[in-house]
Amino acid sequence: MKVSLASLKKGQSGIIISVVTDNIPLKLLEMGCLPGNEVELLQRAPFSCPMYLNINGSHLAIRKEVAEQIEVELM
Amino acid sequence: MAKQINVSLIGNPNTGKTSVFNLLTGLNQQVGNYPGITVERKAGVCKLSRGLKAHIVDLPGTYSLNASSLDENVVIEVLLNKKDKDYPDVAVVVSDVENIKRNLLIFTQIKDLDIPTILVINMADQMLRKGITIDIPELEKRLNTKIVLMSARKKQGVEELKKSIEDYRKLPVAPCLNAFEIDPEYFGGLQRAFPKESLYKLWLVITQDVNFANINRNTIADASQFQTKKNSELKRLQQKETIKRYQFINQTLKATQTIDIKNAKGVRAALDRVLIHKVWGFVVFLAILLFIFQAIYDWSSYPMDLIDGAFAWMSDFFREILPEGMLTNLLVEGILPGIGGIVIFIPQIAFLFLFISILEESGYMSRVVFIMDRLMRRFGLSGKSIVPLISGTACAIPAVMATRNIENWKQRLITILVVPFTTCSARLPVYLIIISLVIPTHRVGWFFGYQSLTLMFLYFIGFGAALVSAWLLNKFLKIESKSFFVVEMPNYKIPLFKNVAINVFEKTKAFIAGAGKIILAISIILWVLGSFGPTEKFSKAKEYVTTQYQENSAEDLETQIASYKLEHSYMGYMGKAIEPVVRPLGYDWKIGIAIISSFAAREVFVSTLATIYSVGSEEEETIKNRMASEINPVTKKPLFNLATGISLLLFYAFAMQCASTIAIVKKETNGWMWPSIQFIFMSGLAYIAALAAYQFLK
């Protein structure tokens, strides 16, 4: 099932399918946020944003607006 | 002279790059700035065998050579410019064992610049525990490099790294990715236009110009004129490059590395469950702050008392053994009290830097950024503003520089403008001495005293003022700016003692040296102004006073003469001129002088008062005792009472009294507009708050 990364629940993971590259920082790609890589939502901050992710082995936090630019296939 | 090998240490943030640097260089290091910009430059020397030496530069942490900040740009500048004095003979890329994949990105980029490159895999001792196995010989073959397994924590692998640096000429130089593959058409055209240049270098120069226009570079002639693509297309090519590189890296690691996922979690997950919990996360953060303030106040009072006493003793001692005269007076009344006024705060400043350093080293700071982001955004700030706001409690200057990794310009500007409200270590001297004079020593319960609670309250006032002004600025500033918030959440680490110790030592040293110069200069100026006067009333003070107060005892007479002299010195007249302005705040002209001189740097306040009070006085007392014995000429009660004290505390909490901060804000905001607004706003607020407090409490 294809969903936006922003809609993931805690503990869910998926494979990145597409990334709207114009609207996200290059740094995120450099940290491994690329199509084909696995992503897991580890935790959400209080009030549900930002999101704490494990993308391709990198642990990082991004905000909801950026996560909305990333589409994943749920695992 | 023996040949020196230039080494650049490069790597992602949080890989233990600095630990490797400290291990190689020990205390043989210098910390300064890159010329013209305020990016910290760390360099050191490491002795190799046969009299060889390595000159090692610890470059700022970066994820790639596509720079998006001033700090990252330094890395590219060094690597692209063969004439740069730091241009490496050999690059050492430091990766931690958990994030090899990500670190290989910058590794392959550097390789493609034809620079001999060694790959250090740090924290290798944890491989087994994390369930990671790597086929090192195979990885070396595929990456065409030498790999050194290290554990900076356990001091393993240093000798092997030194040996590899020595033998850098044997390293194979072969690119990992043919830049041509990124976009054959574009790169073909580029190569035809500049047949002699390295294709990848050209590409970096072009993309760098997109991000950092107008940077002077003399290595490659005007490649920037080769602008056949729009910026958005160049950005797309950069993305394509990243994807290509990751394809190569994924393939390489698939063949050489296995990770047993089950072992990979553990400590991180367990600690995260508490530290970023929606309730416990904030509780822990608050508790840590409380603990730090209590420590700064209570623990450092012992060494401080010793230092205070020692300086009073020194002044006495020198007065005894030196012949009477101008120079002796300058020393015991000007220079010594001035220096004492700064040395006394070394314990506290060191404590503060110690705690901040531990918070950053342990990986906890990123968790605070994470839980605070949402809250901070309400005030127009970013979660990342927390780092400047906390390090602002040490000093506003590094704090303003720390705003650089806030990507959104509006949030960054607001952070810069409000950061000087946080209680920096220069305010501490003022707070401490006034608190100890006007706040009773009672305790609430067994742990917190009134005095340390007051101090904590002042810290909260500082943060509060910062947040409220941020909120106001956010309402009124009309700046549109896109925000890309990406924060790495590093693994938790027990801070390395050596890293923390070096950090505390360097920072404290820099603070003392910087502030010391100003304080020494001001002490001397003040002593001169206080020791000479324009009229006869100064030079013939003795006659004036003796005729006026004939019935007084000899001892009283001495004191009368001293204060009469001070009143009619240059300083006295200057102080009297500003007295009408500070009188409504409850200050006399001496405090007025101290406040004026504090506009150079706040910490001058105490040493100024120390100098003023000791001019002409024969007895060398501690600063605190001198202040306590000051009498208000109008009320005949102690000058430093609750009303004056609170008024002073509030004035120092809000006023923008730091020439260096103004200078750095001007630099970071490119002009005088923002620092001027900041200065007027903060100092105006300070005056009003102090006025209200005094009038209400007196």
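Going by the structure above, here's the rest.
Residues numbered from 1 in each chain as written. Chains lettered and ligands numbered in written order. Predicted model: local features only at pLDDT ≥ 70, side-chain atom pairs only at ≥ 80, totals over all residues. Heavy atoms only, no water.

## Concerning the overall build of chain A
When you go through chain A residue by residue, the secondary structure sums to two helices and six strands. Ordering the α and β elements of chain A from the N terminus gives β-β-α-β-β-β-α-β. On C-alpha atoms alone, chain A measures out to a radius of gyration of 11 Å, which is about the 11 Å that the 2.2 N^0.38 rule sets for 75 residues. Projected onto the principal axes, the alpha-carbon positions of chain A cover approximately 30 × 25 × 20 Å. When burial is assessed residue by residue, chain A has 57% of its 75 residues classed as buried. Entry remark: accessible area of chain A is about 2,800 Å², with carbon and sulfur atoms responsible for 53%. (Helix = DSSP H or I, 4+ residues; strand = E, 2+ residues; numbered from the N terminus. Rg over C-alpha atoms; globule rule 2.2 N^0.38 Å. Buried < 20%, exposed > 50% of the residue type's maximum accessible area, 1.4 Å probe, protein only. Areas by Shrake-Rupley, 256 points an atom, 1.4 Å probe, with all protein chains shown as cover.)

## Notes on the overall build of chain B
Secondary structure assignment for chain B yields 31 helices and 12 strands. In chain B, which comprises 698 residues, the proportion classed as buried is 55%. At a minimum sequence separation of 6, the contacts of chain B that also span at least 24 residues come to 73%. With the model as given, the accessible surface of chain B reaches about 30,800 Å², and the carbon-plus-sulfur share is 61%. Computing the positive centroid from 76 side-chain charges and the negative centroid from 60, chain B places the two 9 Å apart. (Contact = heavy atoms within 4.5 Å. Lys, Arg positive; Asp, Glu negative; His and termini not counted. Charge placed at Lys NZ, Arg CZ, Asp CG, Glu CD.)

## Notes on the sheet that holds strand β8 (residues 146-149) of chain B
Residues and elements named next belong to chain B. Taken in spatial order, the seven strands make up an open sheet running β2-β3-β4-β1-β5-β6-β8, and their pairing is mixed. Taken across any chain shown, the strands that pair with only one partner, and hence form the sheet edges, are β2 (29-33) and β8. Within the sheet, the average angular offset between the axes of one strand and its neighbour, ignoring direction, is 25 degrees. Two elements, strand β1 (residues 4-11) and strand β5 (residues 90-96), share five bridges in a ladder whose sense is parallel. Of the residues in β5, the one forming a bridge with leucine 9 is valine 92. (Pairing = 2+ DSSP bridges. Axes fitted to C-alpha atoms, helices over the stretch in contact; angles between N-to-C directions.)

## Re the interface of chain B and chain A
Chain B puts 40 residues into the contact, and the matching count from chain A is 34 residues. Surface buried jointly by chain B and chain A totals about 3,200 Å² across both partners, of which 56% is contributed by carbon and sulfur atoms. Counting across the chain B and chain A interface gives three salt bridges. Here Glu72(B) and Lys27(A) are joined by a salt bridge, their closest N and O atoms 3.6 Å apart. (Buried area = accessible area lost by both parts, 1.4 Å probe. Salt bridge = Lys/Arg side-chain N within 4 Å of Asp/Glu carboxyl O.)

## Some words on the nonpolar core
Judged by nonpolar contacts, the single largest core of 119 residues is most densely connected at Tyr587(B), Phe605(B), Phe640(B), Leu648(B), Phe651(B) and Phe654(B). At 10 residues, the largest contribution of residues to this core is made by helix α20 (residues 450-476) of chain B. Discounting residues that sit within four places of it in the chain, Phe605(B) has contacts with Val430(B), Ile434(B), Ile591(B), Ala594(B), Ser598(B), Met627(B), Leu648(B) and Tyr652(B). Within the second largest apolar cluster, 82 residues are counted, among which are Val72(A), Leu59(B), Ile110(B) and Leu234(B). (Core = buried A, V, L, I, M, F, W, Y, C linked by side-chain atoms within 4.5 Å.)

## Considering the packing of helix α18 (residues 409-418) of chain B against helix α30 (residues 659-669) of chain B
For any two helices packed against each other, one specifies the crossing angle of their axes together with the interaxial distance. Residue and element names in this part refer to chain B. Orientation of α18 relative to α30, taken along the N-to-C sense of each, is 170 degrees, at an axis distance of 11 Å. Between α18 and α30, the angle falls in the class roughly antiparallel. Along the contact surface, α18 presents Trp409, Arg412, Leu413 and Ile416, while α30 presents Val665, Glu668 and Thr669. (Parallel < 35°, antiparallel > 145°, perpendicular 65-115°, else oblique.)

## A short note on the side chain of Thr415(B)
Mapped onto the fold, Thr415(B) is located in helix α18. A residue is classified by how much of its surface remains accessible, and Thr415(B), at 0% relative accessible area, is buried.

## Thoughts on the packing of aromatic side chains
Residues and elements named next belong to chain B. Summed over all chains, the structure comprises 13 aromatic pairs over all chains. Pairing phenylalanine 317 with phenylalanine 318 gives two aromatic rings, centres 5.7 Å apart and planes at 70 degrees, and the pair type is edge-to-face. Residue class for phenylalanine 317 comes out partly exposed when judged on its relative accessible area of 35%. Pairing phenylalanine 421 with phenylalanine 681 gives two aromatic rings, centres 6.4 Å apart and planes at 85 degrees, and the pair type is edge-to-face. Taken together, the positions of phenylalanine 421 in the loop between α18 and α19 (427-438) and phenylalanine 681 in helix α31 (residues 673-697) put the pair 260 residues apart, joining distant regions of the chain. Among the residues examined, phenylalanine 421 registers a relative accessible area of 2% and is labelled buried. Residue classification places phenylalanine 681 among the partly exposed positions, given a relative accessible area of 41%. (Phe/Tyr/Trp six-rings, centres within 6.5 Å; stacked < 30°, edge-to-face > 60°.)

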